[in-house]
Amino acid sequence: MRVVSLLPSATEILYALGVEPVAVSHECDYPPAARGKPAANESRIAPDVASEEINEQVATAEAEGGVYELREDVLREADPDLIVTQGVCDVCAVDDGLVRETVAELDLGADVLTTHPHSLGDVLHDIRDLGERTGTRERAADLIATLEARIEAVRDRAKPGERRVAVLDWMDPVMIAGHWMPEMVDIAGGAYGMADPGARSRPRRFEELLAYDPEVLIVAPCGFSLDRTLEHVTELTGRDGFADLTAARSGDVYAMDGHHYVNRPGPRLVDTLEHLAATLNPEAFDTPPRDIVRRVEAVDIGTASREG
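Residues numbered from 1 in each chain as written. Predicted model: local features only at pLDDT ≥ 70, side-chain atom pairs only at ≥ 80, totals over all residues. Heavy atoms only, no water.

Trainee: Describe the sheet that holds strand E1 (residues 3-5), and please don't skip the residues or the numbers.
Mentor: With parallel pairing, the 3 strands of this open sheet are ordered in space as E1-E4-E5. Two strands lie at the open edges of the sheet, namely E1 and strand E5 (111-115), each paired on one side alone. Going from strand to strand, the sheet's axes swing by 20° on average, the running direction of each strand aside. The sheet contact formed by E1 and strand E4 (residues 82-86) spans 3 bridges and is parallel. Counted as the bridge partner of Val 4 is Ile 83 from E4. (Pairing = 2+ DSSP bridges. Helix = DSSP H or I, 4+ residues; strand = E, 2+ residues; numbered from the N terminus. Axes fitted to C-alpha atoms, helices over the stretch in contact; angles between N-to-C directions.)

Trainee: So what's going on with the pairing of strand E9 (residues 216-219)? Residues and values would help.
Mentor: Covered by surrounding structure in E9 are Val 216 and Ile 218 together with Leu 217 and Val 219, the residues of both alternating faces. In terms of strand pairing, strand E6 (residues 165-170) meets E9 through 4 bridges, oriented parallel. In the sheet register, Leu 168 faces E9, and the bridge partner there is Val 219. Judged from the 3 bridges that link them, E9 and strand E10 (residues 253-256) form a sheet pairing that is parallel. In the sheet register, Ile 218 faces E10, and the bridge partner there is Tyr 254. (Buried < 20%, exposed > 50% of the residue type's maximum accessible area, 1.4 Å probe, protein only.)

Trainee: Tell me about the side chain of Thr 114, residues and numbers included.
Mentor: On the secondary structure map, Thr 114 appears in strand E5. A polar contact of 3.3 Å, which involves the side chain of Thr 114, links it to the side chain of Arg 100. When near neighbours in sequence (up to four residues on either side) are disregarded, Thr 114 contacts Thr 85, Gln 86, Gly 87, Asp 96 and Arg 100. (Polar contact = N/O pair within 3.5 Å; in protein donor to acceptor, adjacent residues only side chain to side chain. Contact = heavy atoms within 4.5 Å.)

Trainee: Can you lay out unusual backbone geometry for me, pointing to particular residues and giving the numbers?
Mentor: Going from Tyr 30 to Pro 31, the amide bond is cis rather than trans, its omega being -5°. In this fold, Pro 31 is placed in the loop between helix H1 (8-16) and strand E2 (41-43). Cis rather than trans, the peptide bond between Asp 172 and Pro 173 has omega equal to 5°. The topology assignment puts Pro 173 in the loop between E6 and strand E7 (175-176). At Asp 107, a residue that is not glycine, the phi angle is positive and equals roughly 55°. Of note, Asp 107 is situated in the loop between helix H4 (96-106) and E5. Judged by relative accessible area, which is 68%, Asp 107 ranks as exposed. At Asp 213, a position not held by glycine, the phi torsion is positive, near 55°.

Quick look at the structure:
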């Protein structure tokens, strides 16, 4: 079967099922084999700038027709039987409306599968669905069983906690991570008071974060690697009042690779759960790898606050 994946999470699922896509999105970079595939779309956003500027670019692009463009030449060459896209966020990946319009215009004859993950259960459902659609049902069942066992292992080992946790998937404006994150923080042993399970991520006023006063704060901007988050973290930590947060005073502010983990609802979301559990329960879990989770140094908070 010839499959085109237009989002990184679907690409990861496909490879885990033994299905090699014929084309992928411009952001599909895991597993490494995906990097060599033709990109079936391109972004109108210049990514290597501050989060506030990216936010402005996104607003402009949405007003002018959308963040992404599909590459019709690549789709014609790929001649897919199935195209996988998403209906969760128009900023994160190509939305299914544009995909269906393009499939009809090009007369491709491809089926379009749209994912709508908002929870860990939805991610497992997507794996099962892709297994059905690609003839890999047994492999999908085995993968789901493995992931479910790991989720339950975290649930069993994590101590139920009441520490207030906030996870940010954007810094300026502040955006509280929703969808699967409230559920995952609960499983990992924290209290997530700024979003309900399954709720969409949405911008908040910085004052709302100050009022919530998280005891543990995890900064994981969508599309940002860990190094890039640390490079730009003063966009958040330099704001008036940040240094007075309980998490800042106790040293419990962490940066996490949001690009590969927090904001990518594929099999490695369970890795993210394990890293969250280790961050919240260091006595019960192995320390997360430093290339995925790292404590934000006090100097980044203190210096930024004085400059702000």
